[in-house]
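# Close look at the chain arrangement
Take a look at the letters that make up each chain.
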Amino acid sequence: MCGISACISLGSAPTGNGCAKHTGVGCNGETRSPDVANGISKNLATQLQASLAVITHRGPDDSGVWINETEQVGLGHCRLSINDLSSAGRQPLHSSDGKVHVVVNGEIYDYDRLRHECETVHQYVFRSDSDSELVLALYQIFGAPDFFTHLRGEFAFVLYDDRSGSRRLIAARDRYGIKPLVYTRLGSSLLIASEAKAFLPLGWKPRWDVRAIADAGWMFDDRTLFRGVRKVLPGHYLETTKDGVVQQVKYWDAEYEDKRKPEVRTLDEMIHGVRERLVESVRLRLRADVPVGIYLSGGIDSSAIAGIVTDLARKENAKIGSERTTRVTCFSVGFPELSGYDESHIAERTAEWLGVKTIKKTITEETLAENFENAVFHCEHHHFDLNFVAKFVLSTLPHEHGVKVVLTGEGADEHFAGYPYFFSEFLREADQGLANSHLSQDRNLRNSMFQSAQREMKGIWQKGGATAYESRPALPSIAGAGAADMSDNLLAWHPSATLFAPWIRARQGNEDCRKTILSSYPKTVQAKMRSRWHPLHTSMYMWNKNSLANVLLSCLGDRTEMAHSVEARTPFLDHHLTDFVNRLPPSVKLRYSADTASDSGELGPIWTKSSVALQSLNEKWILRQAVRPFITDELYKRKKHPFLAPTRWAKDGPLYRKFKALLTRESVEDLGFVSWTMIQEAMEIAWGEAADPKAFRLLLYCGAWVTLGQRMRVAKADEADWELNMP
């Protein structure tokens, strides 16, 4: 994994081409000093090097800058060396004719097969052993967008093609948005980077996009918290035309089984298909020239990964990164003496059963307070829970122990229906894919459970301080049954309008944030939601496009991991696996059981004994069957426990003192868009045994904004920041 910073002039087309000017790495891989770079524009070179320095946590091992001879295109890269540790793997990478240039962040899997095909079928000559060079090779062989079908993995890259003076720029992001990529316009230049903070040395003066914050657009479309800064969407690439127009082009999207014409398969075929693809996905992600570890929690997802890795090492003598060992290194966190939140004891039992090594980080209140601001700065957005700070701290462990790569369990809940807010959408409609299932045949039972599941889920949201279903009128959906209700679930952690300053509320009026969500989906997708997909699959699509990409894979993924130069790999988000799982019927993802009294372990922080309908559905059923050989009986039976941090903390403790110091009247009012009165009130009721979790979450939001405002020098918001500003 690495960091990217690029600057492209969108003015008149240059008359020259080639690769005459470089800092860091030349076209032939030679190192050149920035101060003797053949008359390079020292200003742009210095700016790009300074930009990379801001995100050096993403790539502390090396850096390089290439600038074309007309000084209208500059590509910068800071490197975390994973595959091919030699100088040949340095970036930017260049074609043999010096006309195509690329900087890549991420990993391209199935490297050996793809390289062999490029060499033998297409006679491509590789100049390194780096998987990143596959982007360059496949682009030259197949062109865009065709080469995307061959790219498998998590990636973001910026490619510049000047063959025949085409000046074609492609800035792309992987299918699920595992790797970040943002862009903005600055005068006549287009800036592209892994993180927005990298724009600061290039002259960017950040302002808040208060409309994106207030209507939640920052997590539902391509906007960010910063005005004019956009995300390259997952499964999309950015392209510029000769006349300077910037557009996003979709190259991939998720597809689900047609509920009207379901494919007929046996359960054994489906279970075997999941197991086979998951094992292959894990095997591919073990390839590295550095040690590889695993993030191990008390859940089935990461435990299955650990079990598969251990099995591959013992039965196939598979290398785990650069090592050939059967003793995998796992990393975990624990919240001591906090019932329902501490899963480390389960992780330890799993590790003992597997015979793997575990290294644990204990998370205390003081730990969370000390790391809050740094975690926010790296994430660049607010979050409703302190779990992202715990993940930030967890990621110090691999770094401290010399492990650059970890495998994680992200993506399993999204594709195997692990979250409880999927349950009512599963019950909303009969599953014709398994027409003989109990719930498909018993309509009355299914309808009764549907009503109960909705009530129970609302209770869970209220218990956690969420705003789901709070004072919102019915909304006719443009995207079929259940889409409006799922929008409520997606908005569960969006702050109430009362948190915002009066001028924000006046501008927002009666604007319904659910419309922001529904209108973010193309009309072709809306049509599939209305008629082709089962409501469960509609809800999963919505979650994956919004919360997964813009929150979970950010503050609980890349941003907190790469803050400590740790590359995380996500086997459950391999698109060969997810494409297969998406076409399985809903009833193998959620399985009904009339026996709700079965031993599923402790209830944890979200489940209650009154959650009868929710507990009667066995989430991730087919995944449990597929990974049964690799996990303990305890995990096989256990209900989903989300990775959350506590919301009740003592008054006058470390967190109270942190937010008291952070949220002064001056700092809050300097934001320009938050109600100081609301923060005052929240500080009074967010602490102690009777703490209001909703109030605590308001402090988390505002604390994040204050931190970002101060560290990134964001100007105080005014009414001009409400206007949409497309880059």
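For the chain, an unreviewed UniProt entry supplies the name Glutamine amidotransferase type-2 domain-containing protein and the organism Aspergillus calidoustus. Checking UniProt for the chain, the heading Sequence similarities (unreviewed entry) contains the comment "Belongs to the asparagine synthetase family."

## With respect to the overall build of the chain
Helix and strand counts for the chain come out as 27 helices and 20 strands. Relative to its length of 727 residues, the chain is compact, with a C-alpha radius of gyration of 25 Å against a globular reference of 27 Å. When its C-alpha atoms are laid out on the principal axes, the chain stretches across 75 × 60 × 50 Å. Across the 727 residues in the chain, those meeting the buried criterion constitute 64%. Pairs at least 24 residues apart make up 75% of the contacts formed inside the chain by residues separated by at least 6 positions. With an accessible surface of roughly 25,700 Å², the chain has 48% of that area assigned to carbon and sulfur atoms.

## Quick look at the packing of helix α9 (residues 387–394) against helix α19 (residues 535–562)
Where α9 contacts α19, the two axes come as close as 9 Å, and the packing angle between them is 30 degrees. With respect to α19, the element α9 is oriented roughly parallel. In terms of crossing hand, the pair formed by α9 and α19 is right-handed. Packed against α9, whose contacting residues are N387, F388, K391 and F392, the element α19 presents C555, L556, G557, T560 and E561 at the interface. Along the lines of polarity and charge, the residues of the contact of α9 with α19 split into four nonpolar, three polar and two charged.

## Some words on the UniProt feature "binding site: L-glutamine" (unreviewed entry) in the chain
The positions that UniProt labels "binding site: L-glutamine" (unreviewed entry) are, in the present scheme, D131. The residue D131 is located in the loop between α2 (111–120) and α3 (133–142) in this model. If near-sequence neighbours (up to four positions away) are discounted, D131 is found in contact with N83, G106, E107, I108 and Y111.

## Focus on the packing of aromatic side chains
Think of a pair of aromatic rings as described by two things: how far the centres are apart, and how the planes are tilted against each other in angle. What the rule picks out here adds up to 35 aromatic pairs. Where Y419 meets W543, the ring centres are 5.2 Å apart and the plane angle is 55 degrees; that geometry is what we call tilted. With Y419 in the loop between α11 (412–415) and α12 (423–427) and W543 in helix α19, this pair connects stretches of sequence that are 124 residues apart. Residue class for Y419 comes out buried when judged on its relative accessible area of 12%. Residue classification places W543 among the buried residues on the basis of a relative accessible area of 8%. Relative to W543, the ring of Y421 lies with its centre 4.9 Å away and its plane at 40 degrees, an arrangement referred to as tilted. With Y421 in the loop between α11 and α12 and W543 in helix α19, this residue pair connects regions lying 122 residues apart in the sequence.

## A few points about α3
Counting buried residues along α3, seven of its ten residues qualify, which places the element largely inside the surrounding structure. What α3 keeps buried is the set E133, L134, V135, L136, A137, L138 and Y139. Elements in contact with the buried residues of α3: β5 (93–94), β6 (100–108), α2, β7 (153–161) and β8 (168–173). Just past α3, the residue G143 takes up positive phi, approximately 75 degrees.

What counts as what
Residues numbered from 1 in each chain as written. Predicted model: local features only at pLDDT ≥ 70, side-chain atom pairs only at ≥ 80, totals over all residues. Heavy atoms only, no water. UniProt positions renumbered as here; feature names shortened; annotations may be inferred. Helix = DSSP H or I, 4+ residues; strand = E, 2+ residues; numbered from the N terminus. Rg over C-alpha atoms; globule rule 2.2 N^0.38 Å. Buried < 20%, exposed > 50% of the residue type's maximum accessible area, 1.4 Å probe, protein only. Contact = heavy atoms within 4.5 Å. Areas by Shrake-Rupley, 256 points an atom, 1.4 Å probe, with all protein chains shown as cover. Axes fitted to C-alpha atoms, helices over the stretch in contact; angles between N-to-C directions. Parallel < 35°, antiparallel > 145°, perpendicular 65-115°, else oblique. Left-handed = near helix turned anticlockwise from the far one by under 90°. Nonpolar A, V, L, I, M, F, W, Y, C, P; charged D, E, K, R; others polar. Phe/Tyr/Trp six-rings, centres within 6.5 Å; stacked < 30°, edge-to-face > 60°.

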